[in-house]
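Letter by letter, the chains look like this.
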Amino acid sequence: MISMSDIGQPGLNGYNYSNVADTVSTMNHSQELPNVVQTSPTHHPLVSSEVLTLVSVIVKCVLYDVISVFGIVTNVLSLLVFHRQGFKDTVNVSLTAMAISDICGLLALFWMGVCYNPLFADTNTVLDSRGTQYLTGGWPKFYFTRVSGLITAFVTFERCLCTAVPLKVKTILTPRRVVVIISAIFIAVALSISPVYFSTHLAWKWYPTRNASLIGLVFSENKDTINSITLGLSVVLCDGAFVFVALCTAILVINLNKSRKWKITAARGTDAAVAKETKASKMVVLIAVVFITCLLPGSVYSLAMIAAPDFNTGEAEQNLFFVAWSFAHVTESLNASVNFFVYLAMSSKFKDTFVSVFTGPRQREPMTGKNDPQTTNRPG
């Protein structure tokens, strides 16, 4: 889901208010801070500047990078397994694209953690890293998060087709068509955020507090309008994908339960077949719970920004805004990191392939069913 804080939505007069937290940090004496919003003397923010500083150091400088490295490793392992299995199965094509998008998003998050780290931000002589991460880290992560969300929606829709029209789905969705659809998602999302890079660019700027020229952000006059339109469209698309995934997952679970009951009633399913269907249903529920749980905070925060104007950058409760979105980033990165373990626990085919990648193929009893729970996987 979208995190406006680490995208660094520009505040008043073009200043990136996601850097306001750094003004209260005793470790940072180099950030140029023009036109910082002053709150009323009688207003007491729900989150103090001291708490915001502590959270920024722990979450942005530590957790961002730790979780990113962990997620990159798990997604690379998933890619190795999918490559070994091949791409004749359309699900493997979608899951591979998902893993690639997740890796890129986690790389962007890792860079954001580096940019916020005082050891780098306050010592490098080239970049205003806390500001430039707006274009070099925040928006790229935003882009890949949106791509992963839309691929997730497509995968759940594909699984719904598999249960609704199992005899026709292979003719409707071929590997080549899936590649075209996935490519269209990447391109469409890129086009939707491209205006930001026309309204904002990097250039050399003078920073009096550091007595040096650094590469920083330069905004065009129409930046506020362009960013508002881009972010509004993104909220609609991301929340729409979130709701679509939930609906498709619910439909998929219902269809799987109906299929299992039909087999039992018709006495055509063996105990092994019924157990396999049950396992697949449980995996779908697990994937849905992980996805919804991890992305729910961001969805709620997006709506809160509309309902409560003070919950935004440069507003009265901007400290709460930064803290909340910092943890939303953590849950999103966890969602992009744990899919490997879901596959490993719920898909015997994935597990066997993973073992064979590192130890060579091992002998096992032939499977009695044609379907493997891996085909219902959905990474987020």
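Computed from a predicted structure; not experimentally measured.

Colleague: Just checking my understanding: could you explain the overall build of the protein chain for this structure?
Modeller: Within the protein chain, the regular secondary structure consists of 14 helices and 2 strands. In the protein chain, which comprises 380 residues, the proportion classed as buried is 51%. Contacts spanning at least 24 positions in sequence make up 77% of the contacts within the protein chain whose residues lie at least 6 apart.

Colleague: When you look at the environment of Val 57 in this model, what are you seeing that I'm missing?
Modeller: As for its position among the elements, Val 57 is in helix α3 (residues 49–85). According to the relative accessible area criterion, Val 57 is partly exposed, its value standing at 28%. Sequence separation between Val 57 and Gly 113 is 56 residues; the distance between their C-alpha atoms is 9.4 Å.

Colleague: Which parts of the structure should I look at to understand helix α13 (residues 339–346)?
Modeller: Think of an α-helix as 3.6 residues a turn; residues three or four steps apart then line up on the same face. Among the residues of α13, those classed as buried are Asn 339, Phe 340, Val 342, Tyr 343 and Met 346. On an axial view of α13, the arc spanned by its buried residues comes to 165 degrees, and they lie on one face.

Colleague: I tried to follow the packing of aromatic side chains on my own but got confused; where do I start?
Modeller: The geometry of an aromatic ring pair is captured by the separation of the ring centres together with the interplanar angle, meaning the angle of the planes. Using the criterion set out here, one finds 18 aromatic pairs in the structure. With a centroid separation of 6.4 Å and an interplanar angle of 65 degrees, the aromatic rings of Phe 321 and Trp 325 are classed as edge-to-face. Of this pair, Phe 321 and Trp 325 both sit in helix α12 (residues 318–335), 4 residues apart, which is roughly one turn of the helix. Three or more aromatic residues joined by ring pairs form one cluster here, namely Phe 70, Phe 82, Phe 340, Phe 341, Tyr 343, Phe 350, Phe 354 and Phe 358. Sitting over the face of the ring of Tyr 116, Lys 60 holds its NZ or CZ atom 4.4 Å from the ring centroid. A cation sits over an aromatic face here: Arg 146 above Phe 142, 5.5 Å from the ring centre.

Colleague: When you look at the packing of helix α4 (residues 90–116) against helix α6 (residues 129–164) in this model, what are you seeing that I'm missing?
Modeller: Between two packed helices, what matters for the description is the angle formed by their axes and the separation of those axes. It is at 8 Å that the axes of α4 and α6 come closest, and there the two elements cross at 160 degrees. By the angle between their axes, α4 is roughly antiparallel relative to α6. Pair α4 / α6 crosses with left-handed handedness. Counted by class, the contact of α4 with α6 contains 16 nonpolar, 11 polar and 5 charged residues.

Colleague: Even after reading the chapter, I still don't get a nonpolar patch on the surface, so can you show me in this structure?
Modeller: A contiguous nonpolar surface patch, about 410 Å² in accessible area, is contributed by Leu 54, Ile 58, Val 62, Leu 63 and Val 66. Note that Ile 58 resides in helix α3. Classification of Ile 58 as partly exposed rests on a relative accessible area of 43%.

Colleague: Explanation requested: the pattern of salt bridges in the structure shown.
Modeller: Going through the model one piece at a time under the given rule, you end up with 2 salt bridges. Here Asp 122 ties to Arg 130 by a salt bridge, and the two come within 3.1 Å at their closest N and O atoms. With its nearest N and O atoms 2.9 Å apart, the salt bridge here joins Lys 141 to Glu 332. Highlighted residues: Lys 141 in helix α6 and Glu 332 in helix α12, separated in sequence by 191 residues. No difference in accessibility class separates Lys 141 from Glu 332, as the two residues are buried.

Colleague: Whenever I open this one, the side chain of Thr 96 confuses me. Can you help?
Modeller: One can find Thr 96 in helix α4. We classify Thr 96 as buried; its relative accessible area is 13%. If we skip the residues at most four places from it in the chain, Thr 96 touches Leu 79, Phe 82 and Phe 87.

Colleague: Help me out: how do you make sense of α3 in this one?
Modeller: Its 37 residues give α3 an end-to-end C-alpha distance of 51 Å, which sits within 8% of 54 Å, the value for a rise of 1.5 Å per residue. The largest bend in α3 amounts to roughly 35 degrees and is located at Leu 63.

Colleague: In this structure, what is going on with the nonpolar core? I would like to understand it.
Modeller: Nonpolar side chains in soluble globular proteins generally cluster together in the buried interior. Judged by nonpolar contacts, the single largest core of 26 residues is most densely connected at Trp 139, Tyr 143, Val 147, Ile 151, Ile 182 and Phe 186. Elements with a minimum of two residues in this core: α4, α6 and α8 (175–193). Ranked by residue count, the leading element in this core is α6, at 12 residues. Within the second largest apolar cluster, 17 residues are counted, among which are Val 47, Ile 67, Phe 321 and Ala 328.

Colleague: Hey, could you run me through the pairing of strand β2 (residues 212–219) in this one?
Modeller: Side chains on a regular strand alternate between the two faces of the sheet. In this sheet, β2 lies alongside strand β1 (residues 200–207) in antiparallel orientation, the contact comprising 8 bridges. Across the sheet, residue Tyr 207 finds its bridge partner in β2, namely Ala 212. What sits between the antiparallel neighbours β1 and β2 is a turn of 4 residues, in which Asn 211 has the positive phi angle 50 degrees.

Colleague: Is there a simple way to explain the environment of Ser 326 in this structure?
Modeller: Considering the arrangement of structural elements, one finds Ser 326 in helix α12. For Ser 326, a relative accessible area of 1% gives the class buried. Separated by 267 residues in sequence, Ser 326 and Val 59 place their C-alpha atoms 6.8 Å apart.

Calculation rules
Residues numbered from 1 in each chain as written. Predicted model: local features only at pLDDT ≥ 70, side-chain atom pairs only at ≥ 80, totals over all residues. Heavy atoms only, no water. Helix = DSSP H or I, 4+ residues; strand = E, 2+ residues; numbered from the N terminus. Buried < 20%, exposed > 50% of the residue type's maximum accessible area, 1.4 Å probe, protein only. Contact = heavy atoms within 4.5 Å. Arc of directions from axis to C-beta. Phe/Tyr/Trp six-rings, centres within 6.5 Å; stacked < 30°, edge-to-face > 60°. Lys NZ or Arg CZ within 6 Å of the ring centre and 35° of its normal. Axes fitted to C-alpha atoms, helices over the stretch in contact; angles between N-to-C directions. Parallel < 35°, antiparallel > 145°, perpendicular 65-115°, else oblique. Left-handed = near helix turned anticlockwise from the far one by under 90°. Nonpolar A, V, L, I, M, F, W, Y, C, P; charged D, E, K, R; others polar. Patch = residues over 30% accessible without salt bridge, like charges linked within 9 Å, V, L, I, M, F, W, Y side chains within 5 Å. Areas by Shrake-Rupley, 256 points an atom, 1.4 Å probe, with all protein chains shown as cover. Salt bridge = Lys/Arg side-chain N within 4 Å of Asp/Glu carboxyl O. Expected span 1.5 Å × (residues − 1). Bend = angle between axes of the 7 residues up to and from the residue. Core = buried A, V, L, I, M, F, W, Y, C linked by side-chain atoms within 4.5 Å. Pairing = 2+ DSSP bridges.

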